[in-house]
Amino acid sequence: AVLEKKGYDVEIIDNFSKRIPTQQLINIILDKKPDVAGFSLFITNYKTGKGMMCEIKKRNKNITIVTGGPHSTLYYYEIINEPFVDFAVFGEGEETMLEIIKNRNKKNGKKIKGCFYRIGKKIIKGETRPVIKDLDKLPFPAWQLVNINDYYRKKTLYIDVEPVDFVCSSRGCPYACSFCSSKYIWNRKYRYRSAENVCDEIEFMIKTYGSKGIHFREDNFTVNRKKVIKFCNEIKRRKINVAWQC
């Protein structure tokens, strides 16, 4: 959404939903001849992603390959040592990705924050990028770039209407639970959007996609009591008819 807002042509292929065979997906990407191919990496898809990135780079050296996501954040040094990866992003990707696209030829000598990258055989580490403090300034997710009906929108244990869609009102969590990796991804920093901004998105989802339920799928919706109460009051003030869970 951030790239699109800045005027770049963006396409998303979410293969968790599409299930396109790997070789076919490689051919689709190569046929499109993108300037940049970004891979969101998790431990579950890293092996497949690694093979894809290697073959794409082998067949077209002009495609800049960027990795992001949790696996890239936690294992950036391992990933940037792969010769087919140009940039390994750690942390939030919005501002870093914009900077990568503007400076991907790396000729201006400016260090790019929030990622590791390679110039020849030399690996450059950018500084840690400060987190985005004002999440309200980010555009809503670019659902128009995917088919929303490819995703699970059915009733849940707590929501008895459908379709149910996702909204994310915050990032991170201040705690350090032993079973959770959030502390490594967000360094225990917690930020949240304003009640007004979240309700704007809910109204957008209702109007555009017919959402009847909203699932707040994030690390910790209820960390800040005042934030939750403000959200509930805003829902009531606007008379938004939606079921929600967190």
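A few points about the overall build of the protein chain
Right, on to step 1. Across its full length, the protein chain holds ten helices and ten strands.
Right, on to step 2. Here the C-alpha atoms of the protein chain give a radius of gyration of 19 Å, agreeing with the 18 Å that 2.2 N^0.38 yields for 246 residues.
Right, on to step 3. Considering only contacts within the protein chain whose residues lie at least 6 apart along the sequence, 64% involve residues at least 24 apart.
Right, on to step 4. For the protein chain, the computed accessible surface area is about 14,800 Å², with 52% contributed by carbon and sulfur atoms.
Right, on to step 5. The distance from the centre of the 46 positive side-chain charges to the centre of the 28 negative ones in the protein chain is 4 Å.

Description of the packing of aromatic side chains
Right, on to step 1. Scanning all chains against the criterion turns up 16 aromatic pairs.
Right, on to step 2. Summarising the aromatic geometry, the rings of Phe 204 and Tyr 209 are spaced 6.2 Å apart at their centres and angled 80° between planes, so their arrangement reads as edge-to-face.
Right, on to step 3. Ring geometry for Phe 221 versus Phe 231: centroids 5.9 Å apart, planes at 85°, classification edge-to-face. Of this pair, Phe 221 sits in the loop between strand 9 (213-216) and helix 10 (225-238) while Phe 231 is found in helix 10, placing the two residues ten residues apart along the sequence.
Right, on to step 4. Joined through ring pairs, the aromatic side chains of Tyr 76, Tyr 77, Phe 90 and Phe 116 make up one cluster.
Right, on to step 5. One residue, Lys 227, lies across the ring of Phe 221, its end atom 3.9 Å from the ring centre.

Let's talk about the environment of Phe 166
Right, on to step 1. Take Phe 166: it is sitting in strand 6 (residues 164-167).
Right, on to step 2. For Phe 166, a relative accessible area of 35% gives the class partly exposed.
Right, on to step 3. Put simply, Phe 166 and Ile 214 are 48 residues apart on the chain and 5.7 Å apart in space, counted from C-alpha to C-alpha.
Right, on to step 4. Setting aside anything within four residues of it in sequence, one finds Phe 166 in contact with Trp 143, His 215 and Arg 217.

Structural notes on helix 7 (residues 94-103)
Right, on to step 1. Among the ten residues that make up helix 7, seven are buried, leaving the element largely enclosed by the rest of the structure.
Right, on to step 2. Those residues of helix 7 that are buried are in contact with helix 1 (2-5), strand 1 (36-40), strand 2 (64-68), strand 3 (87-89) and strand 4 (115-119).

Cut-off values and rules
- Residues numbered from 1 in each chain as written.
- Predicted model: local features only at pLDDT ≥ 70, side-chain atom pairs only at ≥ 80, totals over all residues.
- Heavy atoms only, no water.
- Helix = DSSP H or I, 4+ residues; strand = E, 2+ residues; numbered from the N terminus.
- Rg over C-alpha atoms; globule rule 2.2 N^0.38 Å.
- Contact = heavy atoms within 4.5 Å.
- Areas by Shrake-Rupley, 256 points an atom, 1.4 Å probe, with all protein chains shown as cover.
- Lys, Arg positive; Asp, Glu negative; His and termini not counted.
- Charge placed at Lys NZ, Arg CZ, Asp CG, Glu CD.
- Phe/Tyr/Trp six-rings, centres within 6.5 Å; stacked < 30°, edge-to-face > 60°.
- Lys NZ or Arg CZ within 6 Å of the ring centre and 35° of its normal.
- Buried < 20%, exposed > 50% of the residue type's maximum accessible area, 1.4 Å probe, protein only.

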